[in-house]
Structures are given as structure tokens and as C-alpha cells.
Amino acid sequence: MLGSMMMRPLKIADILTFAAEVHPTAEIVSVRTEGDVHRTTYAETAKRVAQLAHGLEKQGAKMGDRIATLAWNGYRHFELYYAISGIGAVCHTINPRLSAEQMTYIVTHANDTMLFVDTTFVPIVDGLRSQWPEGLKVVVMTDRAHMPEGDYLCYEELLEGQPETHDWPDFPEETAAGLCYTSGTTGNPKGTLYTHRSTVLHAMMVGLSLPAALQPGKRILPVVPLFHVNAWGLPYSAPLTGASLIFPGAALDGPSLFKLMEQERVFSAWGVPTVWLGLQGEIEAQGRVPEGFGDVVIGGSAAPASMITYFESHGVNVCHAWGMTEMSPVGTQGNLPDHLDDLPVDERVAIKSKQGRRVFGVELKIVDEDGNRLPHDGVAAGELYVRGNTITSGYFQNDDANAEAFDNEGWFGTGDVATIDRHGYLNITDRAKDLIKSGGEWISSLDLENTVMAHPKVANCAVIAVPHEKWDERPLLVVVPSPEGRPEVAELMALLEEHFAKWQLPDDVVFADALPLTATGKVSKLTLRKTYADHRLPD
Ligand code: AMP
């Protein structure tokens, strides 16, 4: 027997409508590309979002259109999240750190109709526009006074004179709302297409799981970008819970973050370990933590124990979280239950070095090579699979990738290798996917290897991750020369530079007589990683 309760579609627009009514004075503060600090509230933002939605419709935007953004964390980017999804179109965030080839692939694959761009990224657009879909309208996210020369629309002019309310349409909650490509798998980037339902559920799940930061009066700094992984859902969970958002714009170095955090009394800051290393340096220089700073959420890569110890011993609670683009993205979080609050720092750190426990709505399982479930005993390590309402059911228009992404029970394979202990703590121990994560961004070892193999003097090669203090991991290229002799390092780098962004290039090249193989005859990256674990990369 079915129940008899109302069935209203979950809709993203309702989050901001709610925030404008219930948390009207909670703030959005943004360091702008124009050079100043901008302040607004959820109530004011709701009006501008309505204006922007009307502006989009005037430009011909309609349900299902993919509308892209190439922008820093700021209020205009936030407005786009709501206006685009509010009219039933799809907010496609693009990561400006991708190589030109990857970006062109993404814009073409998504078939974007409009692109909103921060002034900083106009040169990228200038360089690539001729290769992008014809008729793509480009809007620069600034006012008339700061507009660049060229065939661009002006963001503020789109809003001008438009009504400050919008009758948000109803549509099924499975309607697509957001699109984010990940390069965290092999091959071309793959799109995760979020729905209104998954986004609203994720906002509630994260709000429930991190109540210390997500509550009225608390001020949160998302360093994690709006251009990737939805800034871990903060643009949705903050307004839902009444927390204020402090957007840092382009300046993400330690001194800039310290200053902003102190000026804005940030309580909780969210981002990848590399960013916090910069902040740690500034805390050392100043001899104190920013006033009011009490909580840091670290994810995207493993938080080193030394970093957790540092913050915890400076009175800042560390929440070590894990997730993926394909999971909206949060899967686990590592805040300790109250009864463990009084543990000595080293014991707290030992627990917090693990990736925490699942949030409600995300199920985890680890399996062996044959897909058999492994026990949650903290010892057995296997590939991690996930299931839930906020997890992708298939990459956007990519049947080939989808054939491999799920197991026969329909669970999604994360490509991470993990243990889970009897209390439910997840510990990521390795990575099955052949990728390197540097400063929170992916580098495909396979793509680098394929390019290097084209050199006539390369018989075989492998690219592996080497631990790096600042960037977590950096790529090292191991080359087996062909009988014709050793290739010049400069030639190999020149070959790679044609296809990859500068930060994706290997930091060093070493030569070897042969590559170690696994029992099945594949190159054993595990052995190579062990061999070169202490390899000193040049500065
Ligand atoms: P992305 O989709 O770019 O967010 O990357 C997701 C991947 O980043 C995961 O599958 C992991 O490989 C890695 N990752 C994210 N958070 C953590 C963490 N806390 N510890 C270790 N690896 C992580």
C-alpha cells in the first residue's frame, strides 16, 4: 500500500527562496576580480538571481540547455548556480586549470550554448573560441566599466531592469541541474550530470553531517572551487542552514587567505591539503591562527597526519572528508563523536588520518578482485564501491565509460582502494585508477605515457606519483630507452608540452633498463612507486 502524502519535486530554487525568507541577513562576501570586496545577503541575492534568470531567458536560454561557467568563487558564480538551474537549464562548471585540449573537448561534448567567464579567464576564451561550438554566447562576469574589447556580453547588463522576482517553474525532480566533468578517470574527461533531487538531498545530507559549521551565524570559507565538485555542495548547504559564505576569489595563497579569514571572522574553512599548507606557513609567520578560526574541512586528497596534528594542536578542529565528483561529492566525514572529544591529540590524529565515516544516504562496500565483499575489519583492503541517491547512475553521454563504471549489483566503482573498520571508518590505502593528484587536480599518467611512447627512442615508459610536500603528489616519468639510444629529456618534455598544461608535466625523468611487471604482465606501478618513493624531485 502506498502512503498518501504530498509529492512535491525537490527543486534547487527552493533552497534560495527558503534562505531569503528564513536567513535573509546571512551574508555572501566576495573578493572580486575588480579588486574590491563585495557584500550581499541571501535576500538580496534572491532578487538578483531572479533578474539573472530573466536575463538568461531573454538571451533564449531554455530547459535542458547547457550553460557553462569559467569563474572563481564569488557571488556572481553563486547567482549562476541558482538562475541557470532555476529555469531548468544545466549549470556546467568548467575547471580553468584543464589543458586547452581537455577544455575544448568538454565544451564541445557538453554542447554549451552560453559561457559565463570571469575577466581573468577571458584570454583562455580568446585563444580557444574558434574551436568551440559556433554560436556560443560569451558573457563576461563584470560591469560595463570593466568589460574587455571583443564579442562579449556584459553580465551586469543582462540583469539591468529585469524583475526582482521569478515564478520558478515546476519540473520533475530528476531534471538535470548541474554538469561537472572529471578528469579523475582514464581517457577523456567524463561528465557527472546532477539532478535537482540529488543536489537538494546532498545539501541536506551535508548539513546534517557537519552541524558545527553549517548553522546560522557561522561563517564558512569555501576555498574548494565552485568550478569543480560544486565546492563540495556549500553553495547549497550553506543557504539551507543559514551559514554565511565568504568567497575568496582568485587569491588563494596563505597570506591572502589569513587576512580574509581574520577580516571576515571565518569559523570554518574548506579545501584541499595544498591550500592549508600555505595557510599553515602564514600562521607560523604571524605566530597565531586567524581570530575566530575553529574548524577546517580537508578533502580532495589525503590529509597528512602532520597537518591534522598542526591544526588540532592550534585549537582548530579537523574534519577529514572523502568524496568524488561522481558523488556530488561528499561520501564520508571525519568529525569525531562527542565521547571521543577528550582523547589526547595523538589518538585523535590517528583516527582523523582515516577518511571518516559515511554520511547518511551513502553506502560503502569493499570488494576483492572477483567482486566478493570483504569484511569491515580495518585490515582487509579492496576496491571501494558506493551506492546512493547522490551518486551518478552513468556519465553524461558516454556509453563506453558507463559499461565499466558499475558492478553487476549496480554499485559505482570509485577506483580507490580502502579498508573499513568495525566502527565504519574508511581508510583510503591506495588508488586503483592510474592517476596522479597534484594540488587537488588530476594528472593522467596514461595520457602522459601514450604521448611519450610516440618518441622513437622510447621502448617503454611509466608515469608514477611521487609524494610531494606541497602538492601531495607530482608525476615522475620512468623511461626505458630503445636500443637506438637514450632520448634527450628536453625532447620528451617538448613532446609533452604540445598536449598538456604546464602543471601536468612530469617534474623529473629517470631512465631504467626495464619496468617491473605484475603477475598478469602489466607494469607494476605499485613496485615503481615503492622504488621511487624517496626520489628527490628537482625544486
Ligand atoms: P574528484 O572527483 O576530483 O574530487 O576526486 C575524487 C578522488 O579524490 C577520490 O576518488 C580519491 O581518489 C581522491 N580523494 C578525495 N578525498 C580524499 C581523501 N580525503 N583522502 C584520499 N583521497 C581522496
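Once a new chain begins, its residue numbering starts again from 1 and follows that chain's sequence as written. Reporting in this predicted model follows two pLDDT cut-offs: at least 70 for local features of residues, and 80 or more for side-chain atom pairs to be given and counted; totals over whole chains, interfaces and linings ignore these cut-offs and use all residues. Side-chain measures were taken over the full set of non-hydrogen atoms in the model, leaving aside hydrogen atoms and water.

**Student:** Talk me through the overall build of the chain; I want residue IDs and the actual numbers.
**Tutor:** Strands here mean DSSP runs of E at least two residues long; helices mean DSSP runs of H or I at least four residues long; both are numbered from the N terminus. Secondary structure assignment for the chain yields 16 helices and 26 strands. When we talk radius of gyration, it's over C-alpha atoms, and the globule rule is simply 2.2 Å times the number of residues to the 0.38. Relative to the compact-globule value of 24 Å for 539 residues, the chain shows a C-alpha radius of gyration of 23 Å, a close match. Overall size of the chain, expressed as C-alpha extent along the three principal axes, is 70 × 60 × 60 Å. The classification of residues rests on relative accessible area computed with a 1.4 Å probe and restricted to protein chains. Under 20% of the type maximum is buried, over 50% is exposed, and intermediate values are partly exposed. Relative to its full complement of 539 residues, the chain shows a buried share of 58%. The contact criterion used throughout is that any non-hydrogen atoms of two residues lie within 4.5 Å. Partitioning the intrachain contacts of the chain with sequence separation of at least 6 by distance along the chain shows that 68% fall at a separation of at least 24. Methods summary: accessible areas were calculated by the Shrake-Rupley approach with a probe of 1.4 Å, and residue burial reflects only the protein chains presented. For the chain, the exposed surface amounts to about 22800 Å²; the carbon and sulfur share of it is 52%.

**Student:** So what about helix α10 (residues 273-286)? Which residues, and what values?
**Tutor:** In this model α10 runs 20 Å from its N-terminal to its C-terminal C-alpha over 14 residues, within 8% of the 20 Å that 1.5 Å per residue would give. Along α10, the residues that are buried comprise Pro273, Thr274, Val275, Trp276, Leu279, Gln280, Glu282 and Ile283. Along its buried surface, α10 packs onto α9 (254-263), β12 (268-271), β13 (295-298), α11 (305-313) and β25 (472-481). To estimate the expected span of a helix, subtract one from its residue number and multiply by 1.5 Å.

**Student:** Kindly report on the sheet that holds strand β7 (residues 153-154), identifying the contributing residues and their values.
**Tutor:** A pair of strands is considered paired only if DSSP assigns at least 2 bridges between the two. The mixed open sheet is built from 7 strands, whose spatial order is β7-β6-β5-β3-β4-β8-β9. A strand with exactly one partner marks an edge of an open sheet, and here the two such strands are β7 and β9 (190-195). Relative to β7, strand β6 (residues 137-140) runs parallel, the two being bridged by 2 bridges. By the bridge assignment, Val140 is partnered in β7 with Cys154. Angles run from 0 to 180 degrees between N-to-C directions of axes, and those axes are lines fitted to C-alpha atoms, restricted for helices to the stretch in contact. Sitting on the sheet, helix α7 (residues 196-209) is in contact with β8 (176-182) and β9, with an inclination near 75° to β9.

**Student:** Which residues make up α7, and what values do they have?
**Tutor:** Spanning 14 residues, α7 covers 20 Å between terminal C-alpha atoms, matching the ideal 20 Å at 1.5 Å per step. Counted residue by residue, α7 has 11 buried out of 14 residues, so it is predominantly covered. Buried residues of α7: His196, Ser198, Thr199, Val200, Leu201, His202, Ala203, Met205, Val206, Gly207 and Ser209, and no others.

**Student:** Can you explain the site of the ligand? Please cite residues and give values.
**Tutor:** Nearness here has a simple test: a residue counts as near a molecule or strand if at least one of its heavy atoms is within 4 Å of that partner. Taken together, the neighbourhood of the ligand is formed by 17 residues, with Ala321, Thr325, Gln355, Asp416 and Lys433 sitting nearest. With respect to the ligand, the backbone of Ala321 contributes an N or O atom lying 2.8 Å from a nitrogen atom. Residues adjacent in sequence count toward polar contacts only when both atoms are side-chain atoms; beyond that, a polar contact is any pair of N or O atoms within 3.5 Å, and within protein one must be able to donate a hydrogen and the other to accept it. The contact in question runs from an oxygen atom of the ligand to an N or O atom on the side chain of Lys437, over 3.0 Å. The protein chains hide 96% of the 500 Å² of surface that the ligand would expose on its own. Its residues assigned to classes, the shell around the ligand shows 6 nonpolar, 7 polar and 4 charged. In the scheme used here, Gly and all other residues not listed as nonpolar or charged are polar, with Ala, Val, Leu, Ile, Met, Phe, Trp, Tyr, Cys and Pro taken as nonpolar and Asp, Glu, Lys and Arg as charged.

**Student:** Account for the packing of aromatic side chains, naming residues and giving values.
**Tutor:** Only rings of Phe, Tyr and Trp enter the pairing, Trp through its six-membered ring, and a pair is recorded when the two centres are within 6.5 Å. The plane angle decides the type: under 30 degrees is stacked, over 60 is edge-to-face, the rest tilted. Scanning the entire structure with this criterion turns up 13 aromatic pairs. On the numbers, 6.3 Å between centres and 70° between planes, the contact of Tyr395 with Phe412 is edge-to-face. With Tyr395 in the loop between β19 (382-388) and α13 (399-405) and Phe412 in strand β20 (residues 412-420), the pair connects residues that are 17 residues apart, well separated along the chain. One exposure class covers both Tyr395 and Phe412, and it is buried. Three or more aromatic residues link up through ring pairs in this structure, and these residues are Tyr42, Phe78, Tyr81, Tyr82, Tyr236 and Phe247. For the cation-ring pair, Lys218 lies above Phe267, with the distance from its terminal atom to the ring centre recorded as 4.7 Å. Charge-over-ring placement is defined geometrically: NZ (Lys) or CZ (Arg) within 6 Å of the ring centre, and within 35 degrees of the ring normal. Sitting above the plane of the Tyr385 ring, Lys365 keeps its charged end 5.8 Å from the centroid.

**Student:** Account for the pairing of β19, with residues named and values stated.
**Tutor:** Here strand β18 (residues 362-367) runs beside β19; their pairing, made up of 6 bridges, is antiparallel. By the bridge assignment, Glu363 is partnered in β19 with Arg387. The sheet contact formed by β19 and β20 spans 4 bridges and is antiparallel. Bridging across to β20, Gly382 finds its partner in Ala418.

**Student:** Break down the nonpolar core for me, with residues and values.
**Tutor:** Tyr42, Leu52, Leu56, Tyr82, Phe116, Leu214 and Trp270 are the most contacted members of the largest nonpolar core, which has 78 residues in total. We define a nonpolar core as any set of buried Ala, Val, Leu, Ile, Met, Phe, Trp, Tyr and Cys residues linked to one another through side-chain atoms lying within 4.5 Å. Of all hydrophobic cores here, the second largest spans 27 residues; its members include Leu260, Met261, Val266 and Val318.

**Student:** Describe in detail the pattern of salt bridges, supporting the description with residues and values.
**Tutor:** Throughout this description, the term salt bridge denotes a Lys or Arg side-chain nitrogen within 4 Å of a carboxyl oxygen of Asp or Glu. Under the definition given, this model contains 33 salt bridges. Among the salt bridges present, the one from Asp507 reaches Arg474, with a minimum N-O distance of 2.9 Å. In this pair, Asp507 sits in the loop between α15 (489-497) and β26 (508-511) while Arg474 sits in strand β25, placing the two residues 33 residues apart along the sequence. Residue Asp507 is classed as partly exposed on the basis of its relative accessible area, which comes to 26%. Within the structure, one salt-bridge network assembled from shared partners comprises Arg32, Glu34, Asp36, Arg48, Arg76, Glu79 and Glu156.

**Student:** Report on the sheet that holds strand β16 (residues 330-333), specifying residues and quantitative values.
**Tutor:** Judged by pairing direction, the sheet is antiparallel, and its 3 strands sit side by side in the order β15-β16-β17 without closing on themselves. At either margin of the open sheet sits one strand with a lone partner, and together these are β15 (322-323) and β17 (357-358). Both β15 and β16 contribute to a ladder of 2 bridges, which runs antiparallel. When the sheet's bridge partners are listed, Trp322 is paired in β16 with Thr332.

**Student:** Go over the domain arrangement of the chain with me, naming the residues and quoting the values.
**Tutor:** Along its sequence, the chain is organised into domain 1 (1-195), domain 2 (361-431) and domain 3 (435-531). Computed over C-alpha atoms only, the centres of domain 2 and domain 3 are separated by 27 Å. Residue ranges labeled as domains rest on an automatic or database domain assignment.

**Student:** Give a description of the packing of helix α1 (residues 13-22) against helix α8 (residues 234-241) that names residues and reports values.
**Tutor:** Close contact between α1 and α8 brings their axes to 8 Å; oriented N to C, the two are set at 35°. Remark: the crossing between α1 and α8 carries left-handed chirality. Contacts between α1 and α8 involve Ile15, Phe18 and Ala19 from the former and Tyr236, Pro239 and Leu240 from the latter. Of the residues that constitute the contact of α1 with α8, the class distribution is 6 nonpolar, no polar and no charged. Crossing handedness: left-handed means the near helix sits turned counterclockwise from the far one by under a right angle, and right-handed means the same turn made clockwise.

**Student:** Could you give an account of the environment of Thr120, with specific residues and numbers?
**Tutor:** Inspection of the secondary structure assignment puts Thr120 in the loop between β5 (114-117) and α5 (122-128). Its relative accessible area of 39% is what places Thr120 among the partly exposed residues. Measuring from C-alpha to C-alpha, the distance between Thr120 and Trp72 comes to 8.9 Å, with 48 residues separating the pair along the chain. Apart from residues no more than four positions distant in its own chain, Thr120 is found in contact with Thr33 and Trp72. A polar contact is formed between the side chain of Thr120 and the side chain of Trp72, at a distance of 3.1 Å.

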